[in-house]
Amino acid sequence: MGTDRKENQNRADDKPPLFRQWSSWYWLVAATLIGQVIFYFLITKSFS
Amino acid sequence: MIALDWLVLFGTLIFIVAYGTWKSRGSKNMEAFIKGDQQQKWWMVGLSIMATQASAVTFLSTTGQGMEDGMRFVQFYFGLPLAMIILSVTLLPIYYKLKVYTAYEYLETRFDLKTRTLAAVLFLLLRGLSVGITLFAPSLVLSTILGWNIFFTTVLIGGLVIIYTVSGGNNAVSITQRVQMTIILGGMLLAGGIAFSLLPSQVSFADTIRIAGTLGKLNIVTTDFSWNDRYNIWSGLLASTFLFLSYFGTDQSQVARYINGKSLTEGRMGLLFNGLLKIPMQFFILFIGVLVFVFYLYNEAPLLHNAVLLKEVKQSSAREEIIKLEEKFNEVKAHEKLLAENLAEAIHTNDLNQATRTKTHFFLYKQQEDSLRREAKEIAMEVAPNVGGQDHDYAFLNFVLTHLPHGVIGLLLAVIFSAAMSSMSSELSALASTTMVDIYKRIINLKNPWLSDLAISKMLVVLWAFIAISFAAMANFSENLIQFVNIVGSLFYGTILGLFVVAFYFKKVKADAVFWAAVAAEVCVLACYYFLGDRLAFLYYNIIGCAVVVLLSLVFSLGKKEPAL
């Protein structure tokens, strides 16, 4: 019981900043990666 | 180098060491020494992670790579954000929950002691080799360019790192890395700004981009697939993800950075911070290399970037030969300059035919330039066969010393020293803690009445530093330095990652199966490298190692029943 309470407490402490869920941060990082790849691809195609 | 540069260089280095030692004073026990105070905020964790990965090689070799090979090396980092996300979801919560000292403790919790020890030993082998290279690379370039003895340079860098790492352990590493990373980022921004300002006034930023692009330096994303091509979008997204999963998830030098976070949240944010910033940072460093390339289109370029070596050749019996080569080289560069001006004009007037013709002409001269450089290198190798490293590893530093204003030269040398120190301190700290926690305390476990665990941990830092210094003083490499570090990593990381993947995703696999699968996988990877060599790009060895561990551990588990409880 004690351990469960501690784990629940840890989970409650593990709240991401700015967003409600961690998945929003993961999507943000993934979207930034995709954005960069597209941006770099366009640079490559435009200036080569 | 004038007095101002020496003042900036040594002032910066002394400040870093004094600040780190002072701020982290008072490690009272082994736990605080190895794990740190665990009060780091997310941005501190993030900077520390970045500083650990960014060694001096990153700045010396990557800029040179940008000049020579263009910007396609940035694709190598495409897998990094994906790895950061996967680790934030999977391994990070486990490390925080188990409150581990090292990553390998988890393997004993999940499997058994021998599996933990195997992973720890593989890490010690891999990192023990790499820390030598981390120290050797900047020592080689700095000692050559500054005319110092390489032994003095390695002892200077190693000695400075020992002072604060032994004094404050993991905390000292994190604290100094914050300062080092600030100096590194500030110094590189300044270098980029100055490199651009040194271009002729008629060449605008847009012209620079278009000239560099036309001459093939903005090849950032390459979509052609080939098994032996080291850098393309496919190897970057797939194979690099495996490399970075292993490096950040199972390499103690990185794990120690984020388990020192104040909480799981801070650790996660630190990893994601790295996932957001790493690619732009590498892009910028490569772009500095491209700016230097454009700079040398309009300004006198050296036949060899290793200026000290060139001078030595000119004082040898090969003097006349090298001077003739230099005259030819200068003629070729004069043609290239004219063509670059024509190209800029064609770009301005939007004359595509003229631009294409000029580009074709330029590449003919570029071929001659490359051939003359090769000849010069061959002559230089005959005169000084012991000089290691590739010539373009010297390009950025030679540019800094020749063309940047005094004061900035000292600062940029401090950047390179800082980068060397930041990664080396993490690596030494991780090597010492793994040796202490996973080997000494767990296996040897001597009851030592004279030395406390803290004292032994400190002695292990010194021991590993001594090994690294000895290796660096004796080593000699012809491979591009950053690639050599990555190749060594790829030969071991796949297997270590495989152990963690099985631990996390395949709950039915038991200790014996995964242990022998890992041994077989490592043999398989080394055999593949021996027989295939460069025919398979090194990044794919990460996938092979990991896949063989997973597959064989499943095969070895077939038919085995769980023992009755």
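Predicted model, so just to flag it, every value in this text is computed and none were measured.

Focus on the packing of aromatic side chains
Residue and element names in this part refer to chain B. In total, this model carries 34 aromatic pairs over all chains according to the counting rule given. Judged by centre distance (5.4 Å) and plane angle (10°), the rings of Phe 73 and Phe 76 are stacked. For Phe 76, a relative accessible area of 3% gives the class buried. Ring plane angle 65° and centroid distance 5.4 Å describe the contact between Phe 295 and Tyr 296, whose orientation is recorded as edge-to-face.

Observations regarding helix α4 (residues 56–69) of chain B
Residue and element names in this part refer to chain B. Between its terminal C-alpha atoms α4 stretches 19 Å, which fits the 20 Å expected from 14 residues at 1.5 Å a residue. Burial of α4 is extensive: 12 of the 14 residues sit out of reach of the surface. Within the sequence span of α4, burial applies to Ala 56, Val 57, Thr 58, Phe 59, Leu 60, Ser 61, Thr 62, Thr 63, Gly 64, Gln 65, Gly 66 and Met 67. Immediately beyond the C-terminal end of α4, within one or two residues, lies Gly 70, with a positive phi of roughly 80°.

Some points on the interface of chain B and chain A
Contacts between the two partners involve 28 residues from chain B and, on the opposite side, 20 residues from chain A. Around 2,200 Å² of area is buried between chain B and chain A when both sides are counted, 77% of it from carbon and sulfur atoms. Our count for the contact surface shared by chain B and chain A stands at 0 salt bridges. Put simply, chain B and chain A have 5 residue pairs in polar contact (both at pLDDT 80 or more) between them. Going through the elements one at a time, α5 (79–89), α10 (205–214), α11 (233–250) and α13 (264–298) of chain B are the ones with two or more residues in the side of chain B that touches chain A. Looking at which element gives the most residues to the side of chain B that touches chain A, the answer is α13 of chain B, with 10 residues. Across the side of chain B that touches chain A, the residue classes tally to 18 nonpolar, 7 polar and 3 charged.

Focus on the domain arrangement of chain B
Often, the extent of an interface is quoted as the loss of accessible area on bringing the components together. All names here are of chain B. Entries for chain B in the domain assignment read domain 1 (3–276 + 401–443 + 458–472) and domain 2 (307–386). Distance between the C-alpha centres of domain 1 and domain 2: 34 Å. Listed per partner, the contact involves 8 residues of domain 1 and 10 residues of domain 2. Counting the surface lost from both domain 1 and domain 2, the interface buries some 970 Å², and carbon and sulfur atoms represent 69% of this. For the interface between domain 1 and domain 2, the tally reads 0 salt bridges.

So, the environment of Gly 147 of chain B
Among the structural elements, Gly 147 of chain B can be located in the loop between α8 (113–146) and α9 (150–197). Gly 147 of chain B sits 120 residues away from Gly 267 of chain B along the chain, and the two C-alpha atoms are 42 Å apart.

What counts and how
- Residues numbered from 1 in each chain as written.
- Chains lettered and ligands numbered in written order.
- Predicted model: local features only at pLDDT ≥ 70, side-chain atom pairs only at ≥ 80, totals over all residues.
- Heavy atoms only, no water.
- Phe/Tyr/Trp six-rings, centres within 6.5 Å; stacked < 30°, edge-to-face > 60°.
- Buried < 20%, exposed > 50% of the residue type's maximum accessible area, 1.4 Å probe, protein only.
- Helix = DSSP H or I, 4+ residues; strand = E, 2+ residues; numbered from the N terminus.
- Expected span 1.5 Å × (residues − 1).
- Contact = heavy atoms within 4.5 Å.
- Buried area = accessible area lost by both parts, 1.4 Å probe.
- Salt bridge = Lys/Arg side-chain N within 4 Å of Asp/Glu carboxyl O.
- Polar contact = N/O pair within 3.5 Å; in protein donor to acceptor, adjacent residues only side chain to side chain.
- Nonpolar A, V, L, I, M, F, W, Y, C, P; charged D, E, K, R; others polar.
- Domains from an automatic or database assignment.

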